[in-house]
Amino acid sequence: MATTKLLSDAEVETNPAVKAVFDDIRATRKSDFVNNFWRGLANDPAALKRVWEQLKAVMVADSAIDPLTKEMIYIAVSVANGCSYCIHSHTAAARAKGMTDAQHGELVSIIGLAGQTNHLVTAMQIPVDPQFEVK
């Protein structure tokens, strides 16, 4: 259960700042669907706009990293942070961008391995090899 109110479309229509962001979300995603994260964040119109603009700048804008890889990175970070909502939403986005079951399986294996080795190296406090440091 949400700890904040999720704004309905009718409530969004009453706030021009929120409506403008929701309209942009729909146009950018080419979908009428606005997910619950944005509906909750809409309680703070300034934060809604700021986070949406950040998301577009990182996840939507053309960059050196392709859109599917961005979503897969987002899944991995969401797993590391324990965010079930983001794991689900970005897995759906990755699948929409073409992620196959085989890719998802490999991603889960990589996430699991990285978590394991990260914990081991942290527990052992292994020093960084000089060859890995930026010069």
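Look a little higher up for the structure.
Residues numbered from 1 in each chain as written. Predicted model: local features only at pLDDT ≥ 70, side-chain atom pairs only at ≥ 80, totals over all residues. Heavy atoms only, no water.

As enumerated under the stated definition, the model contains 8 salt bridges in all. Salt bridges here are not isolated pairs; linked through shared partners, they connect Asp9, Arg26 and Arg39. (Salt bridge = Lys/Arg side-chain N within 4 Å of Asp/Glu carboxyl O.)

Let us now look at the nonpolar core. Ranked by internal contacts, the top residues of the largest apolar core, which has 13 residues, are Val18, Phe22, Ile25, Trp38, Ala42, Leu48 and Trp52. Taken together, the elements giving at least two residues each to this core come down to α2 (16-29) and α4 (45-60). Tryptophan 38 has contacts with Phe22, Ile25, Arg29, Leu48, Val51, Trp52 and Leu55, leaving out every residue within four places of it along the chain. Of all hydrophobic cores here, the second largest spans 7 residues; its members include Leu68, Ile75, Ala94 and Leu107. (Core = buried A, V, L, I, M, F, W, Y, C linked by side-chain atoms within 4.5 Å. Buried < 20%, exposed > 50% of the residue type's maximum accessible area, 1.4 Å probe, protein only. Helix = DSSP H or I, 4+ residues; strand = E, 2+ residues; numbered from the N terminus. Contact = heavy atoms within 4.5 Å.)

This next bit is on the packing of aromatic side chains. Applying the stated criterion across every chain, the model contains 2 aromatic pairs. Taking the centre distance of 4.8 Å and the plane angle of 75 degrees together, the rings of phenylalanine 37 and tryptophan 38 count as edge-to-face. Residue class for tryptophan 38 comes out buried when judged on its relative accessible area of 2%. Between tryptophan 38 and tryptophan 52, the ring centres sit 5.3 Å apart and the planes meet at 90 degrees, which makes this aromatic pair edge-to-face. With tryptophan 38 in helix α3 (residues 36-41) and tryptophan 52 in helix α4, the pair connects residues that are 14 residues apart, well separated along the chain. A relative accessible area of 1% means that tryptophan 52 is categorised as buried. Each member of the aromatic cluster is reached from another via a ring pair, and the members are Phe37, Trp38 and Trp52. (Phe/Tyr/Trp six-rings, centres within 6.5 Å; stacked < 30°, edge-to-face > 60°.)

Here α2 crosses α4 at 20 degrees, and the two axes come no closer than 9 Å. What the angle tells us is that α2 and α4 run roughly parallel. In this structure, the crossing between α2 and α4 has a hand that is left-handed. Residues Ala17, Val18, Val21, Phe22, Asp24, Ile25, Thr28 and Arg29 of α2 touch α4, and the partners they reach there are Pro45, Leu48, Lys49, Trp52, Glu53, Lys56 and Val60. The class makeup of the residues in the contact of α2 with α4 is 9 nonpolar, 1 polar and 5 charged. (Axes fitted to C-alpha atoms, helices over the stretch in contact; angles between N-to-C directions. Parallel < 35°, antiparallel > 145°, perpendicular 65-115°, else oblique. Left-handed = near helix turned anticlockwise from the far one by under 90°. Nonpolar A, V, L, I, M, F, W, Y, C, P; charged D, E, K, R; others polar.)

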